[in-house]
Amino acid sequence: MDPRNGNTVKTLGIKLPDALHAQFALVAQLDDDSLGDAAVKAVELYVQTKRAEPDFAERARKALEEIEREAAARAGAIQGLFGGGDIAPQGKPTSTTRSRKTGSED
């Protein structure tokens, strides 16, 4: 991903053993790639390999279910802070407005 093309990027710093780093740098150089480009290719290959595992989709589904359970619990906790009422768009609890009697002034 290239931030110059409007894509957002994350920076990843990793520690490699000296021997592995030397091999990685040599392979990148032989392929005429920068270490950064080679690292992106390696991560893409890792993700592609993991996605092809037979149980990966099931593990991902379970992770998604857990995320949804946690989100529901957090939403319930926030709603509980306001007595189960709705939350106004600004993040403040909604309040009931006192009705004024006709003809009265404050």
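Here, residues in each chain are numbered from 1, in the same order as that chain's written sequence. It should be noted that, the model being predicted, local features are given only for residues of pLDDT at least 70 and side-chain atom pairs only at 80 or more, the latter also being counted only at that level, while totals for whole chains, interfaces and linings use all residues. Hydrogen atoms and water are omitted, and side-chain values are computed over all heavy atoms in the structure.

## Things to note about the pattern of salt bridges
Side-chain pairs of opposite charge can arise where the charged atoms are in close proximity. The test is simple: Any Lys or Arg side-chain nitrogen found within 4 Å of a carboxyl oxygen on Asp or Glu counts as a salt bridge. Note on conventions: DSSP H or I runs of at least 4 residues are helices, E runs of at least 2 residues are strands, and numbering of each starts at the N terminus. Burial status follows relative accessibility: with a 1.4 Å probe on protein chains alone, a residue under 20% of its type maximum counts as buried, one over 50% as exposed, and anything between as partly exposed.
The full count for this structure, using the stated rule, is seven salt bridges. Arg61 is paired through a salt bridge with Glu58; the nearest N and O atoms lie 2.3 Å apart. Note that Arg61 and Glu58 are positioned in helix α3 (residues 56-81) at a spacing of three residues, about one turn of the helix. With relative accessibility at 37%, the residue Arg61 sits in the partly exposed group. Overall, Glu58 belongs to the partly exposed group, its relative accessible area being 35%. Residues Glu66 and Arg69 are paired through a salt bridge, measuring 2.7 Å at the closest nitrogen-oxygen approach. Here Glu66 and its partner Arg69 are both found in helix α3, three residues apart, which amounts to about one turn of the helix. By relative accessible area, Glu66 is classed as partly exposed at 34%. Via salt bridges that share partners, Lys50, Glu53, Asp55 and Arg59 belong to a single interconnected network.

## Some details on the confidence of the model for the chain
Counted only if it meets this: The predictor attaches a confidence to each residue, called pLDDT, with possible values from 0 through 100.
On average, residues of the chain score 85 in pLDDT, and 75% of them are at 70 or above. When the elements of the chain are averaged for pLDDT, α3 gives the smallest value, 96, and helix α1 (residues 18-30) the largest, 98.

## Points about the packing of α1 against helix α2 (residues 35-51)
Quick reminder of the rule: Here an angle of 0 to 180 degrees is reported between the N-to-C directions of two axes, which are lines fitted to C-alpha atoms, with helices fitted over the stretch in contact. If an angle is under 35 degrees, it is roughly parallel; if it is over 145, roughly antiparallel; if it lies from 65 to 115, roughly perpendicular; otherwise it is oblique. Contacts: residue pairs with any heavy atoms within 4.5 Å of one another. Ten residues, namely Ala, Val, Leu, Ile, Met, Phe, Trp, Tyr, Cys and Pro, are considered nonpolar, four, namely Asp, Glu, Lys and Arg, are considered charged, and the remaining ones, Gly among them, are considered polar.
As a packed pair, α1 and α2 sit with axes 9 Å apart at the nearest point and diverge in direction by 100°. Taken together, the axis directions place α1 and α2 in an arrangement best described as roughly perpendicular. Here His21, Phe24, Ala25 and Ala28 of α1 lie close against α2, whose contacting residues are Leu35, Ala38 and Ala39. Residues belonging to the contact of α1 with α2 are distributed by class as follows: six nonpolar, one polar and no charged.

## Brief notes about the side chain of Asp33
With respect to the helices, strands and loops of the structure, Asp33 is situated in the loop between α1 and α2. Residues contacting Asp33, with those up to four places away along its chain left out, are Ala28, Ala38 and Lys41.

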